[in-house]
Amino acid sequence: MYQLDNSTYFYSLLLLPILWLGYYLVKRWKRKAQRSFATSEMLDVLSPNRSKFKPGLKLFLYSLVMGLLSISLVNPKIGSEVETVRRQGVDIVFAVDVSKSMLAEDVAPNRIEKAKHLVHSIISELVSDRVGIVAYAAQAIPQLPITTDYGAAKMFLQALNTDMLSSQGTALSSAIDLSSSYFDQSNQVNKIIFLLTDGEDHQQQIESAVEASVEKGIKIFTIGIGTETGAPIPIKRGGVIESYKKDLDGNVVITQRNSQILQNVALMSQGKYQDGNDTQAVLDFVAQALGQMDKKEFESQEFVRYKDRFQPFIFIAIVLLFLDIFIFETKTKWIQRINLFNENQSAQ
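The structure reproduced in this document is the subject of the present report. (Residues numbered from 1 in each chain as written. Predicted model: local features only at pLDDT ≥ 70, side-chain atom pairs only at ≥ 80, totals over all residues. Heavy atoms only, no water.)

1. Regarding the layout of surface pockets
Test applied: Only protein atoms enter the 1 Å grid, on which a cavity is a set of points fitting a 1.4 Å probe that cannot get out and a pocket is an open set with protein on both sides within 12 Å along at least 5 of 7 lines, lining residues being those with an atom within 4 Å of a point. Grid points are joined across faces, edges and corners, and a volume is the space filled by probe spheres set on the points. The secondary structure listing takes helices from DSSP runs of H or I that are at least 4 residues long and strands from runs of E that are at least 2 residues long, numbered from the N terminus. In this classification, the charged set is Asp, Glu, Lys and Arg, the nonpolar set is Ala, Val, Leu, Ile, Met, Phe, Trp, Tyr, Cys and Pro, and all remaining amino acids, among them Gly, are polar.
Roughly 280 Å³ of internal volume is contained in the second largest pocket. Lining the second largest pocket are 16 residues, and of these Lys100, Leu103, Thr162, Asp163 and Pro234 sit closest to its centre. Secondary structure elements with two or more residues in the lining of the second largest pocket: helix H4 (111-125) and strand S9 (234-237). Looking at the lining of the second largest pocket, its residues break down into six nonpolar, three polar and seven charged.

Here it is in structure tokens:
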């Protein structure tokens with residue numbers, strides 16, 4: 001079996017007719033110029049060592065070299081071998097809070113953009129782990145199932161926004177329940193949930209959700225976004241702040257990060273809590289957490305890999321170019337003595 005890497009390089013062989021035409025035109029021009037100076041018999045007398053065969057031989061060598069280089073560029077792959085690729089890692093689900101409180105701008109540019117930036121940075125540091133994404137506010141909705149396609153994960157991540165859920169509020173229990181359902185319980189791979197939120201919770205049913213996840217062998221690491229002092233929730237139109245969200249009494253709502261809830265969730269699930277306002281600190285935190293976990297094999301695939309065979313063509317082309325250095329356009333004396341090409345007879 002064989003395979004061609006890039007067959008378009010075969011078009012470079014179209015240079016051969018141009019080379020041959022150029023050789024013919026130059027030879028014709030030389031012959032015409034020589035005839036204006038002397039007859040062919042006189043030229044043989046004036047230049048007895050001139051070879052009529054070697055120019056054609058050099059043309060043949062150049063043509064062969066161009067052909068070999070074209071084939072090497074195509075890179076024919078002949079023969080194959082079976083290669084087994086094993087992937088080891090952990091399963092990670094990122095649960096990202098998309099409630100309106102994440103629009104607060106106590107971290108730049110705002111909480112939700114900071115959360116998305118953190119997840120994007122974490123994914124960029126991963127090697128072979130699988131990832132999934134969940135978005136939640138008053139309820140949780142799936143965004144991306146467990147996958148090794150980091151490009152798709154980043155694409156779905158960018159689509160997260162605070163308008164994707166009409167029902168507002170924050171339900172940490174729903175986020176944990178949905179995230180837990182992502183994992184294959186028959187698989188012995190370590191399971192992690194990274195919960196990125198400001199910590200507000202309007203359901204107060206989180207303990208049962210955490211206990212259920214712990215029974216499934218899932219660890220929850222919480223990352224708090226925002227500040228303890230808090231900030232108002234801006235209402236924008238065309239990127240310009242028109243007003244701030246107010247409560248029923250007309251007072252401006254100040255949303256604060258609730259680190260205590262996030263610390264409790266992490267503690268109950270044998271995970272850890274991390275302040276999410278410092279990107280590098282979060283990356284170090286995630287790297288340390290993943291480094292302490294066993295990487296288990298979750299995928300094993302066999303691929304048929306063809307072997308590259310461009311090397312012999314390049315080697316032969318180089319050898320021919322090296323030989324061309326020693327081929328002069330004059331007659332070779334030892335060949336002339338054995339009269340291999342009948343040059344002596346042609347000279348008489």
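And the narrative resumes.
2. Concerning the nonpolar core
To keep it simple, the criterion reads: Take the buried residues of types Ala, Val, Leu, Ile, Met, Phe, Trp, Tyr and Cys, join any two whose side-chain atoms come within 4.5 Å, and each joined set is a nonpolar core. Three labels apply to residues, based on accessible area from a 1.4 Å probe with only protein chains included: buried if under 20% of the type maximum, exposed if over 50%, partly exposed otherwise in between. Two residues qualify as a contact provided that any one of their heavy atoms is within 4.5 Å of a heavy atom in the partner residue.
Counting 38 residues, the largest nonpolar core has Ile92, Phe94, Ile192, Phe194, Leu196 and Ile223 as the members making the most contacts within it. Elements with a minimum of two residues in this core: strand S3 (91-97), H4, strand S4 (130-136), strand S5 (140-147), helix H5 (150-158), strand S6 (191-197), strand S7 (218-224) and helix H9 (279-291). In this view, Ile92 contacts Leu126, Asp129, Arg130, Val131, Gly132, Ile146, Phe183, Ile192, Phe194 and Leu290; residues no more than four positions away in its chain are not counted. Grouped together as the second largest cluster of nonpolar side chains are 20 residues, Ala95, Leu195, Val210 and Ile220 included.

3. Remarks on the sheet that holds S5
To keep it simple, the criterion reads: When DSSP finds at least two bridges between two strands, those strands are taken to pair. As a rule, the C-alpha atoms of each element are fitted with a line to give its axis, helices using only the stretch in contact, and angles between N-to-C directions run from 0 to 180 degrees.
The six strands are arranged S5-S4-S3-S6-S7-S12 in an open sheet whose pairing can be described as mixed. The two strands at the open ends of the sheet, each matched to only one other strand, are S5 and strand S12 (273-275). Looking at each pair of strands side by side, their axes are set apart by 15° on average, direction ignored. Sheet analysis places S4 next to S5, joined by five bridges and oriented antiparallel. Of the residues in S5, the one forming a bridge with Val134 is Pro142. H9 rests against S3, S6, S7 and S12 of the sheet, and its axis sits at about 160° to S12.

4. Digging into the environment of Val119
For Val119, the location among the structural elements is in helix H4. With sequence-adjacent residues up to four places away left out, Val119 is seen in contact with Phe94, Val96, Leu157 and Leu196.

5. Observations regarding H5
For clarity, the cut-off: Relevant arc is that of directions from the helix axis to the C-beta atoms, nothing else.
For H5, the set of buried residues is Tyr150, Ala152, Ala153 and Leu157. With its buried residues spanning 155° around the axis, H5 presents them on a single face.

6. What about the pattern of salt bridges?
Applicable threshold: Salt bridge, as applied in this entry: a Lys or Arg side-chain nitrogen positioned within 4 Å of an Asp or Glu carboxyl oxygen.
Summed over all chains, the structure comprises nine salt bridges. When the shortest N-O distance is used, the salt bridge between Asp91 and Arg130 registers 2.8 Å. Here Asp91 is found in strand S3, whereas its partner Arg130 is found in strand S4, with 39 residues between them in sequence. Of the two residues examined, Asp91 and Arg130, each falls in the buried class. Glu105 serves as the salt-bridge partner of Lys236, at 2.7 Å between the closest nitrogen and oxygen. Of this pair, Lys236 sits in strand S9 while Glu105 sits in the loop between S3 and H4; the two residues are 131 residues apart in sequence, bridging distant segments of the chain. For Lys236, a relative accessible area of 42% gives the class partly exposed. Classification of Glu105 by relative accessible area gives partly exposed; the value is 35%. Residues joined in a network through salt bridges with shared partners are Asp106, Arg111 and Asp198.

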